[in-house]
Amino acid sequence: MSLNQKSLKMLGCFFLALTIITPGLSTAQDGNKLLKQVDENLLPPSFEAYRKIINEEPDGSKKEYIFYTVKKDRDKVAMLYLSPASEKGRATLRLGDNMWLFIPNVGKPIRITSMQSVVGGVFNNADIMRLDYSVEYDATILETSAAETILDLQAKTKTVAYDKLKMWVDNKRTTVTRVECFAASGTLIKTLEFKQIKDFGKGVVRPAVIETTSPLYQGFRSIMIYSRVTLRKFPDEVFTLDYLSRLGELR
Amino acid sequence: MRRWHDEALSRTVIALGLLLACGISATSFAQDYDFDIPEEEEKRIEFSGNLDAKWGLLRANMDSPIYGLQFSQTPAKDDYLSQYRLDFYLNGEYRHQQVGFTLKTFYQYVKEEPLPPSIFELHGSLNLSHRSTAGIGKRRFNWGKGYAFNPVGYVNAQKDPENPDLALAGKTSAYFNYNRSFGDKPLQNLSLSSIVLAPEAEVNNKFAAADDIAVAAKLYFLYRNIDIDFMTLQANNLPTRYGLDFAANLLSNLEIHGEFSYARREDQVIVENNSAVVKMRNGGSYLFGLRYLSALNTTLIAEYYHNNAGLTQNEFVGILDHLDGSLLTEDAAAIASARNSLPTFFQSRNLMRDYLYVKLSRPEPFSWLYTSVSVFTIYNLVDNSFLLSPQFGYKPFTNSEILLWPTLFFGGDDTEYGAKQFQHRVEVWLRFFF
């Protein structure tokens, strides 16, 4: 075999390897790019909003909570309970993987875990104080069609509430329509359905309703409803332990 | 022609019916997903609070000298006693722009007699900026990361480890807080709290020695996802204290925390040669704890606490022997004197040196709606006595709660929990929030 033939063969192998690897890389790049667009369309970078959570029990009875929420950047969320009276004044703060709960009677914030549920029902703390998906997950495209794309999301760290997510994205609006949350074992923990696209003004168009069910809580259903999502800038100090007892002043 | 009219009429009816149905469904959808946001009222005092109606059944510990002294004036002693009381918390809050006012009061009704309020908190505050606040009055502070115990809680009200979430009275003080964030840098947040504590008015019930003013300060950092505090208390008539604490989430379901405190001139009343003496101690107290959430939605809180100022077993037995000896004299004056000394000996809720606190709690066990169950133990590692307290909660309606709360004390006659004035206690709480 001449030197030229050898070189040609090596070049051929290189291009073959490149054609095998490149689609994988581009799927991951496309997936993460799409996930960032989903995040941007879901919530603006800095805003305030009111949310209601309805926990429906198997017997049909309901428990309701109303929160005032503020968010800044991709990983700062603070939340104040407005009703019912038994919970009023409680506040929670999330900074990345850190979460705290402030109870007025106790008078100091205590660290809590993201898997706990402060309000009960199917939503846990990580669901209620969710960060941008792209902060916590790496995405790859599983399937794509004219109407929708299915993303596979893998947690970046072990401190994330769910190890894996499967996300359905509406291609026309680049909006999430459904998310399935899985444990490391592959067990389906819960399903979130994003419904009722609503124009909140100033370019904020997003699903107003998130319904959650879980095979672990048969017959239970939790619904989160967004209202008055307003663009607003906050100083960083709003997202600190010292400020938790003062959140109500922002309203 | 008539047939055409009939068809047109029927089509119109169907169209109207469809429109109406759409209208109804749209209306019902709007009803489903609309809600009223509680408005923030300007310039109004907002009241809130709760009423706890409590009924308790208590089994007396006849062998305990503490029981003997407490009930020495009771003619007939019963094995079982019951108690009915109403605990009423009434809070008021006013805020207008930078100025705030807080009032928290507590009333306890046990029998028909004048009901003076306890002022838990009464303070005014100024929000100078997003970064700084100042205030003056009676305010509750809560330092430390521990759930049941806080060795660095220098400015805290004395916490009851049997009910750490209870509202408590604050301290008369003036304070200033400065709070600064640094974005996404390793040091994310820093805050400084400085407090000047007024001494209790003991001179003619109106004045206090100016030298007894205490100063406390706490520096907080959020550094690489770890909460870290350094704190100190400086006063003439109180032990000088230095401390630190930390807390961090190791996993999405595991949190750890710890506290360490060094104190100089910490006093403890003990008995030597059958008389009460004050012993001064220097040294460190510490706490390590964790909070873990299992896959079965059960939360575990576990804490180990070493209390440097706590009593040794011999010192505790010495106090019990002293109290017992007073009872045996059957001399009214000696008994009264010993009874009056009880608050001196037992002023701390964490009397002895080493404790283990473990609590397990689970919401809605066995899919029982609106219920919660928990059980906790406080184990005295010095004398191997302990209390065990299961709790069953039920929230039948929004803003209401029922609690069934038994507490059982175990230990020998000369141990902390074995010598409590009651052997067992069962309480039923009915709670109403507004």
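Reading the values: rules and limits
Residues numbered from 1 in each chain as written. Chains lettered and ligands numbered in written order. Predicted model: local features only at pLDDT ≥ 70, side-chain atom pairs only at ≥ 80, totals over all residues. Heavy atoms only, no water. Helix = DSSP H or I, 4+ residues; strand = E, 2+ residues; numbered from the N terminus. Buried < 20%, exposed > 50% of the residue type's maximum accessible area, 1.4 Å probe, protein only. Contact = heavy atoms within 4.5 Å. Areas by Shrake-Rupley, 256 points an atom, 1.4 Å probe, with all protein chains shown as cover. Salt bridge = Lys/Arg side-chain N within 4 Å of Asp/Glu carboxyl O. Pairing = 2+ DSSP bridges. Phe/Tyr/Trp six-rings, centres within 6.5 Å; stacked < 30°, edge-to-face > 60°. Core = buried A, V, L, I, M, F, W, Y, C linked by side-chain atoms within 4.5 Å. Patch = residues over 30% accessible without salt bridge, like charges linked within 9 Å, V, L, I, M, F, W, Y side chains within 5 Å. Lys, Arg positive; Asp, Glu negative; His and termini not counted. Charge placed at Lys NZ, Arg CZ, Asp CG, Glu CD. Buried area = accessible area lost by both parts, 1.4 Å probe. Polar contact = N/O pair within 3.5 Å; in protein donor to acceptor, adjacent residues only side chain to side chain. pLDDT = per-residue confidence, 0-100.

1. Quick word on the overall build of chain B
In step 1: For chain B, the helix and strand inventory stands at four helices and 18 strands.
In step 2: Residues classed as buried in chain B amount to 43% of the 434 residues present.
In step 3: Nonlocal contacts in chain B, meaning residues at least 24 apart in sequence, comprise 53% of its contacts between residues at least 6 apart.
In step 4: Here chain B has roughly 23,000 Å² of accessible surface; of this, 58% comes from carbon and sulfur atoms.

2. Details of the pattern of salt bridges
Residues and elements named next belong to chain B.
In step 1: Applying the stated rule across the entire model yields 34 salt bridges over all chains.
In step 2: Notably, a salt bridge pairs E315 with R281, separated by 2.7 Å at the nearest N-O pair. Here E315 is found in helix 3 (residues 313–328), whereas its partner R281 is found in strand 12 (residues 275–293), with 34 residues between them in sequence.
In step 3: Residue class for E315 comes out buried when judged on its relative accessible area of 13%.
In step 4: One salt bridge in this structure joins R431 and E401, with 3.7 Å as the shortest N-O distance.

3. Topic: the pairing of strand 5 (residues 132–139) of chain B
All names here are of chain B.
In step 1: When you tally the buried positions in strand 5, you get six out of eight residues, the bulk of the element.
In step 2: The pairing of strand 4 (residues 118–127) with strand 5 spans six bridges and is antiparallel. Note on strand 5: the bridge partner recorded for S125 is G135.
In step 3: Hairpin connection from strand 4 to strand 5: four residues lie between these consecutive antiparallel strands.
In step 4: Across eight bridges, the pairing between strand 5 and strand 6 (residues 171–181) is antiparallel. When the bridges of strand 6 are listed, K138 appears paired with T172.

4. Observations concerning the packing of aromatic side chains
The description of an aromatic ring pair uses the distance of the two centres, along with the angle that the planes make with each other.
In step 1: Scanning the model with the defined rule gives 24 aromatic pairs over all chains in all.
In step 2: Consider the rings of Y50(A) and Y68(A), whose centres lie 5.2 Å apart with planes at 45 degrees: the pair is tilted. Of this pair, Y50(A) sits in strand 1 (residues 46–56) while Y68(A) sits in strand 2 (residues 62–72), and the two are 18 residues apart along the sequence.
In step 3: For Y68(A), a relative accessible area of 1% corresponds to the buried category.
In step 4: Ring plane angle 20 degrees and centroid distance 4.7 Å describe the contact between F149(B) and Y305(B), whose orientation is recorded as stacked. Separated by 156 residues along the polypeptide, F149(B) in the loop between strand 5 and strand 6 and Y305(B) in strand 13 (residues 299–306) bring together distant segments of the chain. Y305(B) shares its class with F149(B); the two are buried.
In step 5: Among the aromatic residues, those joined into a cluster by ring pairs are Y147(B), F149(B), Y305(B), Y355(B), Y357(B) and F376(B).

5. What about the nonpolar core?
All names here are of chain A.
In step 1: V70, Y133, L153, M167, V179 and L247 are the most contacted members of the largest nonpolar core, which totals 77 residues.
In step 2: Per element, the largest residue contribution to this core is six residues, and it comes from strand 3 (residues 76–83).
In step 3: When residues no more than four places from it in sequence are discounted, the contact partners of L153 are L35, Y133, Y137, D138, A139, D163, K164, L165 and M167.

6. Observations regarding a negative patch on the surface
All names here are of chain B.
In step 1: Together, D63, D321, D324, D413 and D414 line one region of the surface with negative charge.
In step 2: As for its position among the elements, D413 is in the loop between strand 17 (400–410) and strand 18 (422–433).
In step 3: Residue class for D413 comes out exposed when judged on its relative accessible area of 53%.

7. Observations concerning the interface of chain A and chain B
In step 1: Tallying the contact residues gives 60 residues for chain A and 66 residues for chain B.
In step 2: Around 5,000 Å² of area is buried between chain A and chain B when both sides are counted, 50% of it from carbon and sulfur atoms.
In step 3: Looking at the side of chain A facing chain B, the largest losses of area belong to K108(A), R111(A) and E237(A), adding up to 14% of the total buried there.
In step 4: Counting across the interface, chain A meets chain B through five salt bridges.
In step 5: Across the salt bridge formed by R95(B) and E249(A), the nearest N and O atoms sit 3.4 Å from each other.
In step 6: One can count 26 residue pairs in polar contact (both at pLDDT 80 or more) joining chain A with chain B.

8. Let's talk about unusual backbone geometry
In step 1: For the bond from S83(A) to P84(A), the omega torsion is 5 degrees, close enough to zero to count as cis.
In step 2: Within the secondary structure, P84(A) is located in the loop between strand 3 and strand 4 (91–95).
In step 3: Positive phi, close to 50 degrees, is recorded for N273(B), a residue that is not glycine.
In step 4: Residue position: N273(B) is located in the loop between strand 11 (254–272) and strand 12.

9. Quick look at the confidence of the model for chain A
Residues and elements named next belong to chain A.
In step 1: The pLDDT averaged across chain A works out to 84; a share of 86% of its residues lies at or above 70.
In step 2: Model confidence for chain A, summarised as mean pLDDT per element, is weakest for helix 1 (residues 3–42) at 66 and strongest for strand 9 (residues 164–170) at 94.
In step 3: In this model residues 18–25 is a low-confidence stretch, pLDDT under 50, and it forms one contact with partners more than four residues away in sequence or in other chains.

10. Thoughts on the confidence of the model for chain B
All names here are of chain B.
In step 1: The share of residues in chain B with pLDDT of 70 or more is 91%, and the mean pLDDT across the chain is 87.
In step 2: Taken as a whole, residues 11–16 scores under 50 in pLDDT and shows zero contacts with residues more than four places along the chain or in a different chain.
In step 3: Within the model, pLDDT remains below 50 along residues 18–31, and this stretch shows one contact once partners closer than five positions in the same chain are excluded.

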